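An overview of the molecular structure
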Number of protein chains: 2
Amino acid sequence: MIRYPNGKAYNPAKPPNSPSRAKVESVYSNRGMTLEEDLNETNEYYLAQGIAVVHKKPTPIQIVNVDYPKRSAAVIKEAYFKQASTTDYNGVYKGKYIDFEAKETKNKTSFPLRNFHEHQIQHMNQIVKQNGISFVILMFTSLEEIYLFEAPSLFPYWQDMKKDGRKSIPKADIEKKGHLIELGYHPRIDYIKTIDKLYF
Amino acid sequence: MIRYPNGKAYNPAKPPNSPSRAKVESVYSNRGMTLEEDLNETNEYYLAQGIAVVHKKPTPIQIVNVDYPKRSAAVIKEAYFKQASTTDYNGVYKGKYIDFEAKETKNKTSFPLRNFHEHQIQHMNQIVKQNGISFVILMFTSLEEIYLFEAPSLFPYWQDMKKDGRKSIPKADIEKKGHLIELGYHPRIDYIKTIDKLYF
């Protein structure tokens, strides 16, 4: 059995470029991989192929107490999770700055906006103003559909919610304004293909 | 007394655009701020002014044990520092991806290459191949001089060291191939000014 570096089994049941969405989905379900693992695997593929350089940022931690035992590595004894002030992923594609956040929902008809935070939206706004490419990757886990949704499409829904509007984006809107990313094997979630079509 | 958000005192002794290097240096010494603090302050200035969006990445941590006490925040009880696989700073300026590492030395005649790691050099190489802007900020602390040194200028010294060549970059070479960044007040280390001249 072939295994990924993280120990997960590689399941080559699905032939590449399979046209069947149902097949992709069933394989996807059986893999037991998370959206984050799939994106990391995708980014590793991009890096190895020289297609793009994108990394997930480390989780920000507030370190309170560190122990320095003799002859061994420093041990963090007390620390707390901090809220991130940016999005999780960023990097470079053909010289351009790309930046995104990936979120998932079990809902089938809409994507809840509570998945995002005000400071993340602000960060996306700053990126867009600086002519960077900013987007979110939205996964409907029970439907196994993944969309690339550009930040400027997201902003109006956020503003509307803040004015006591609806707290989610209707799936129909995501289908219309977003871009379905077909799931594959290598890479798993080929979002650069969509970026290439939209910006280059 | 005016204070920075971090509590450090703001010392307005030096007038803006002062031509005197000695004066800049003495003020710099008295501030007691580190290169990292100065860069964070610079990046905050860029962000507030809409000039660029650059953040320092969080320190990567390997979390081993987390305690979840009832009714309070999760406490990380055991964790270790991991070596970063990228550089510390990245972001966007006028749509372009920028990426750098900042290092300092007490030496006066050369900059030791042991300040860098193989994986960081590899990362810089990947950025350059992807047409991103990659550089290092080199500070000679006892001279209080800061240079922007582009990654493609750094690579030959690294390769040479790996072939048992010299383990540092002569200061004269940094003066010649690098770009002196004049220290200021707001922003402290205006590296974007240099990037603008070099790439835009």
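The structure displayed is predicted, hence computed values, not measured ones.

Time to look at the pairing of strand β8 (residues 145–150) of chain A. Residues and elements named next belong to chain A. Across the six residues of β8, six count as buried, placing the element largely inside the fold. Side chains of β8 alternate between two faces, with Glu 145, Tyr 147 and Phe 149 and Ile 146, Leu 148 and Glu 150 buried alike. Where strand β7 (residues 133–140) meets β8, six bridges bridge the pair, whose relative direction is antiparallel. Bridge pairing links Ile 137 to Leu 148 in β8. Adjacent in sequence and paired antiparallel, β7 and β8 are bridged by four residues, among which Glu 144 carries a positive phi angle near 55 degrees. For β8 and strand β10 (residues 179–181), the ladder comprises three bridges, and the chain directions are antiparallel. Bridge assignment links Leu 148 to a residue of β10, and that residue is His 179.

What follows deals with the interface of chain B and chain A. Contact residues are listed per partner, giving 36 residues for chain B and 36 residues for chain A. Of the roughly 2800 Å² buried at the junction of chain B and chain A (both faces included), carbon and sulfur atoms supply 67%. Joining chain B to chain A, the criterion identifies zero salt bridges. Residue assignment for the side of chain B that touches chain A shows that the elements contributing at least two residues are β1 (53–56), β2 (61–67), β3 (75–81), β4 (89–93), β5 (96–105) and α3 (118–129) of chain B. Looking at which element gives the most residues to the side of chain B that touches chain A, the answer is β3 of chain B, with seven residues. Considering only residue class, the side of chain B that touches chain A consists of 19 nonpolar, 12 polar and five charged. In the sheet, strand β3 (residues 75–81) of chain A pairs with β3 of chain B via three bridges, with the strands oriented antiparallel. The residue bridging Ile 76 of chain A from the neighbouring strand is Ala 79 of chain B, located in β3 of chain B.

Definitions and cut-offs
- Residues numbered from 1 in each chain as written.
- Chains lettered and ligands numbered in written order.
- Predicted model: local features only at pLDDT ≥ 70, side-chain atom pairs only at ≥ 80, totals over all residues.
- Heavy atoms only, no water.
- Buried < 20%, exposed > 50% of the residue type's maximum accessible area, 1.4 Å probe, protein only.
- Helix = DSSP H or I, 4+ residues; strand = E, 2+ residues; numbered from the N terminus.
- Pairing = 2+ DSSP bridges.
- Contact = heavy atoms within 4.5 Å.
- Buried area = accessible area lost by both parts, 1.4 Å probe.
- Salt bridge = Lys/Arg side-chain N within 4 Å of Asp/Glu carboxyl O.
- Nonpolar A, V, L, I, M, F, W, Y, C, P; charged D, E, K, R; others polar.

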